[in-house]
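Understanding the architecture of this molecule
Take a look at the letters that make up each chain.
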Amino acid sequence: MSKSLTVVLPVLVALNCAAVAKATAPVPVPLPRSNPLRNTEQEKQENAKPAAPLFSEEKLPSLGRAMVIGYYPRGCLQGGVALPPTGPTWQVMRLSRDRNWGHPDLVRFLERFAPLAAEATGWKGILIGDMAQPRGGPLPFGHKSHQTGLDVDVWFMPMPDRILSKQERESILSSNVVAADGKHVDDKRWSPADAAFIRTAAEQPEVERVLVNAAIKKELCRVESKSDQSWMSKVRPWYGHDDHIHVRLRCPTDSPDCRAQPPVPGGDGCDKSLDHWFADWILRLKIPEFSGSSRNLKLKDLPPACSAVLNAPANPVSATQQESQPR
Ligand SMILES: [Zn+2]
């Protein structure tokens with residue numbers, strides 16, 4: 001604001017002066033060599049651009065210390081790091097999307113959570129879906145959030161006992177554990193291991209929320225013991241999320257510009273508030289309408305620091321890390 005005023009005001013004054021000069025003495029006024037209005041106009045045009053294509057074009061994280069900027073559905077990530085596509089107890093799916101990036105807290109969480117989940121479920125490991133783009137930011141398709149490097153989708157499907165090929169990671173579909181009516185879990189696909197998987201995620205201290213389909217939350221309310229359910233308050237019903245859980249971490253301590261989400265309400269969430277999700281009109285809603293997308297966000301909708309992240313030089317160290325990982 002103050003920057004644009006300091007640019008615009010002298011120009012307006014100059015234009016007025018020019019008008020007076022023209023009235024009194026018809027001397028041609030030379031045009032300025034560069035038009036100071038241009039920067040403001042350029043800035044305006046830049047800010048009006050859709051942000052998703054700009055962020056998705058960036059194949060490497062920005063230079064600078066890791067820092068989350070903004071809010072989960074309206075932000076970006078400085079100094080992101082990549083989760084290796086293959087680990088002892090995890091494999092990243094849909095590698096072509098280049099969304100296995102996050103704040104170091106998210107990468108550390110996944111490296112710690114994967115073996116814990118494997119132990120709790122008896123699975124060989126976990127299959128990891130989308131995290132964030134190298135510099136975070138809005139995505140051209142698929143999510144409203146996942147913009148700050150603190151969100152990750154983890155599939156309801158055990159990792160197989162072998163390394164999946166790049167092609168398999170593109171084509172294998174996750175397992176939908178919700179029945180067709182949307183009111184219950186599908187007994188043929190749901191197992192107690194799925195409950196243990198969710199519980200293990202929600203029990204981790206850095207986890208702020210775990211989003212699951214309402215039918216899954218309902219099943220957890222049915223089977224989980226009434227004692228020691230502090231983790232249940234973090235498991236929140238949401239649209240979709242019938243073939244994966246969405247794990248969201250709290251703001252990292254190194255990120256003063258990270259905007260926290262309001263804390264989850266206390267209690268296990270198994271009260272009447274859950275009934276709302278099973279109203280006919282909610283069940284009839286098509287998931288994509290509500291899972292939404294961030295593709296229409298403009299640069300001006302994001303914190304100004306995100307433009308700096310977008311324009312920052314790339315971090316070549318991260319390039320080496322990413323390339324050295326097995327595919
Ligand atoms: Zn998600």
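The structure we're discussing is the one just above.
Conventions used here
- Residues numbered from 1 in each chain as written.
- Predicted model: local features only at pLDDT ≥ 70, side-chain atom pairs only at ≥ 80, totals over all residues.
- Heavy atoms only, no water.
- Buried < 20%, exposed > 50% of the residue type's maximum accessible area, 1.4 Å probe, protein only.
- Helix = DSSP H or I, 4+ residues; strand = E, 2+ residues; numbered from the N terminus.
- Pairing = 2+ DSSP bridges.
- Expected span 1.5 Å × (residues − 1).
- Donors = N, O, S within 2.8 Å, 3.2 Å for Na, K, Ca; no water.
- Axes fitted to C-alpha atoms, helices over the stretch in contact; angles between N-to-C directions.
- Left-handed = near helix turned anticlockwise from the far one by under 90°.
- Contact = heavy atoms within 4.5 Å.
- Nonpolar A, V, L, I, M, F, W, Y, C, P; charged D, E, K, R; others polar.
- Disulfide = S-S within 2.5 Å.
- Polar contact = N/O pair within 3.5 Å; in protein donor to acceptor, adjacent residues only side chain to side chain.
- Salt bridge = Lys/Arg side-chain N within 4 Å of Asp/Glu carboxyl O.
- Lys, Arg positive; Asp, Glu negative; His and termini not counted.

Attention shifts here to the pairing of strand β8 (residues 151-158). With seven of its eight residues buried, β8 lies for the most part within the structure. Relative to β8, strand β7 (residues 126-128) is paired through two bridges, and the arrangement is antiparallel. Bridging across to β8, I126 finds its partner in P158.

Two residues of an α-helix separated by three or four positions point the same way, owing to the 3.6 residues in each turn. Here helix α6 (residues 192-203) is twelve residues long and its end C-alpha atoms lie 16 Å apart, about the 16 Å a rise of 1.5 Å per residue gives. All of the buried residues in α6 are A193, D194, A195, F197, I198, T200, A201 and A202.

Here we come to the coordination of the zinc ion. Surrounding the zinc ion are the protein donor atoms H146 (NE2), D153 (OD) and H246 (ND1), which sit 2.0 to 2.2 Å from the metal. In primary sequence terms, the donor set of the zinc ion follows H-x6-D-x92-H. With H146 in the loop between β7 and β8 and H246 in strand β11 (residues 244-249), the pair connects residues that are 100 residues apart, well separated along the chain. The two residues H146 and H246 agree in class, both being buried.

Two elements in contact, helix α4 (residues 104-121) and α6, have axes whose closest approach is 9 Å; the angle formed by their N-to-C orientations is 145°. Pair α4 / α6 crosses with right-handed handedness. Between α4 and α6, the contacting residues are F113, L116, A117, A120 and T121 on the first element and A193, A196, F197, T200 and A201 on the second. Broken down by class, the residue content of the contact of α4 with α6 amounts to eight nonpolar, two polar and no charged.

Read from one edge of the open sheet, seven strands run β4-β5-β7-β8-β11-β9-β10, paired in mixed fashion. Bordering the open sheet on either side are β4 (86-87) and β10 (235-237), each of which pairs with just one other strand. Summarising the sheet, strand β9 (residues 207-212) and β11 pair through four bridges and their orientation is antiparallel. In the sheet register, V210 faces β11, and the bridge partner there is V247.

What follows deals with unusual backbone geometry. Despite not being glycine, D98 shows a phi value in the positive range, around 55°. Among the secondary structure elements, D98 is positioned in the loop between β5 (90-92) and β6 (101-102). D98 sits in the buried class, given a relative accessible area of 16%. At H241, a residue that is not glycine, the phi angle is positive and equals roughly 50°.

Overall, the coordinates contain three disulfides when judged by the stated rule. There is a disulfide in this structure between C76 and C306, and the S-S distance comes to 2.2 Å. Where C76 bonds to C306 through sulfur, the torsion about that S-S bond is close to -95°, and the disulfide is left-handed. In this pair, C76 sits in strand β2 (residues 74-78) while C306 sits in helix α10 (residues 305-311), placing the two residues 230 residues apart along the sequence. Judged by relative accessible area, C76 falls into the buried class, the value being 0%. The disulfide partner of C251 is C258, and the S-S distance across this bridge is 2.0 Å. Looking down the S-S bond of the C251 and C258 bridge, the torsion is -75°, so its handedness is left-handed. Relative accessible area serves as the criterion here: at 12%, C258 is assigned to the buried category. With its disulfide-bonded cysteines labelled consecutively along the sequence, the chain is connected as 1-6, 2-5, 3-4.

What follows concerns the environment of W90. Mapped onto the elements of the fold, W90 is located in strand β5. Setting aside residues no more than four positions away along its own chain, W90 makes contact with L83, P84, P85, E111, A114, I126, I128 and M159. A distance of 2.8 Å separates a polar atom in the side chain of W90 from the backbone oxygen of P84.

It is possible for side chains bearing opposite charge to pair when their charged atoms get close. In this structure the tally under the stated criterion is twelve salt bridges. Among the ionic pairs, E219 bridges to R222, the shortest N-O distance being 3.0 Å. Residue E219 and its partner R222 are both found in helix α7 (residues 214-223); the two are separated by three residues, about one turn of the helix. Note on E219: relative accessible area 11%, which makes it buried. Of the residues examined, R222 reaches a relative accessible area of 65% and is grouped as exposed.

Attention now goes to the pairing of β9. Most of β9 sits inside the fold, with six of its six residues counted as buried. In this structure, β9 lies alongside β10, joined through three bridges in parallel fashion. Within the sheet, the bridge partner assigned to V210 lies in β10 and is V235.

On to the side chain of D98, then. Buried charged residue D98 carries no salt bridge. Nearest counter-charge: K59, at 4.8 Å. Looking at D98, its side chain comes within polar contact range of the side chain of W101, at 2.9 Å.

Structural measurements only, silent on function.
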